Amino acid sequence: MATFIGIDPGATGATCVLVEGENEEPERVTFFDGVTCPPELQTEIKAAKLVILEEVHSMPKQGVRSMFTFGRNVGFWEGALHVLKARWETARPQDWQKAVLDGHAKRIKNDKGRVDSKKAAKDWVSRLFPFAPIRGPKGGVKDGRVDALCLAVFARMRTRGGD
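Bear in mind that the values here come from a model prediction, so they are computed numbers and not experimental data.

Rules behind the numbers
Each residue is numbered by its place in its chain's sequence as written, counting from 1. The predicted nature of this model means local features are confined to residues of pLDDT at least 70 and side-chain atom pairs, given and counted, to a pLDDT of 80 or more, with totals for whole chains, interfaces and linings taken over all residues. As a rule here, side-chain values come from all non-hydrogen atoms in the structure, and water together with hydrogens is ignored. For two strands to be treated as a pair, DSSP must find at least two bridges joining them. Secondary structure is summarised from DSSP: a helix means a run of H or I of at least four residues, a strand means a run of E of at least two, and numbering begins at the N terminus for each. To get an axis, fit a line to the C-alpha atoms, keeping to the stretch in contact for a helix; angles then go from 0 to 180 degrees between the N-to-C directions. Note on definitions: a residue-residue contact is assigned when non-hydrogen atoms from the two residues lie within 4.5 Å. Here, a salt bridge means any side-chain nitrogen of Lys or Arg that lies within 4 Å of a carboxyl oxygen of Asp or Glu. Throughout this description, buried means an accessible area under 20% of the type-specific maximum (1.4 Å probe, protein chains only), exposed means over 50%, and partly exposed covers the range between. Take the residue count of a helix, subtract one, and multiply by 1.5 Å to get its expected span. The arc under discussion is defined with respect to the helix axis, by the directions toward the C-beta atoms. By definition in this entry, angles of less than 35 degrees are roughly parallel, angles greater than 145 are roughly antiparallel, angles of 65 to 115 are roughly perpendicular, and the rest are oblique. Residue polarity follows a fixed list, in which Ala, Val, Leu, Ile, Met, Phe, Trp, Tyr, Cys and Pro are nonpolar, Asp, Glu, Lys and Arg are charged, and the others, Gly among them, are polar.

Draft legend 1. Looking closely at the sheet that holds strand β4 (residues 50-54). Spatially, the five strands line up as an open sheet ordered β3-β2-β1-β4-β5, and their pairing is mixed. The strands lining the two open edges of the sheet, one partner per strand, are β3 (26-33) and β5 (88-91). Strand-to-strand twist in this sheet, taken as the mean axis angle between neighbours without regard to direction, amounts to 20°. Judged from the seven bridges that link them, strand β1 (residues 2-8) and strand β2 (residues 14-20) form a sheet pairing that is antiparallel. Across the sheet, the residue bridging to G6 is C16, located in β2. Set on the sheet, helix α1 (residues 39-47) makes contact with β1, β2, β3 and β4; between it and β2 the angle comes to about 55°.

Written as structure tokens, this is what we have:
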């Protein structure tokens, strides 16, 4: 069994633990919402082959407060990963989306005809991981969970030589 972890440090972010069983098939997908690292997640992080933390930066028109909070979340995760002696690296959204969605995003467009990577990721995860609990209590898809699962898949790809 191999464990891969993806972390979306955003305000509505999540952490995904992807555990493979026999024949590299996903055996378990577990989510932790928000910036939290309970003991059971700490155990998973220590055992993981690789943890991917989404690399983030400020964007135009984002407020100072939201960017400060975002930076604080990233700092929390970097500190936790160091303390837990995790095997980890960061990945830019463009890099993991290109590798994981593999052209799927190009087919999903928004109302203005532009590529909609969030919608593409939701569609991809729903088809490949129909058992994954990516919906909230009211039925809406949780973006943080979708991105975290994609990041965990990217971690799996990175350990196998794929980017």
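So much for the structure itself; the text now carries on.
Draft legend 2. Structural view of the pattern of salt bridges. For the structure on display, the rule yields ten salt bridges. With a closest N to O distance of 3.1 Å, D95 and R92 form a salt bridge. Taking the relative accessible area as the measure of exposure, R92 reaches 36% and is therefore partly exposed. Its salt-bridge partner being D147, residue K118 comes within 2.5 Å of it at the nearest N-O pair. Of this pair, K118 sits in helix α5 (residues 117-128) while D147 sits in helix α6 (residues 143-159), placing them 29 residues apart in sequence. Taking relative accessible area as the criterion, K118 reaches 37% and is therefore assigned partly exposed.

Draft legend 3. Inspection of the side chain of N73 at higher detail. Relative to the helices and strands, N73 is located in helix α2 (residues 64-83). The buried category is assigned to N73, whose relative accessible area is 10%. Not counting residues within four places of it along the chain, the set of residues in contact with N73 comprises P9, G10, A11 and V35.

Draft legend 4. Inspection of α5 at higher detail. With twelve residues, α5 should cover 16 Å at 1.5 Å per step; its first-to-last C-alpha distance of 16 Å lies within 8% of that length. Among all positions of α5, only A120, A121, W124 and V125 are buried. Around the axis of α5, the buried residues are gathered within 125° of arc, so they sit on the same side.

Draft legend 5. Broad picture of the packing of helix α3 (residues 93-101) against α6. Where α3 contacts α6, the axes come no closer than 9 Å and their chain directions differ by 75°. By the criterion of interaxial angle, the relationship of α3 to α6 is roughly perpendicular. Touching D95, W96, A99 and V100 of α3 are D147, C150, L151, V153, F154 and M157, all from α6. By residue class, the composition of the contact of α3 with α6 is eight nonpolar, no polar and two charged.

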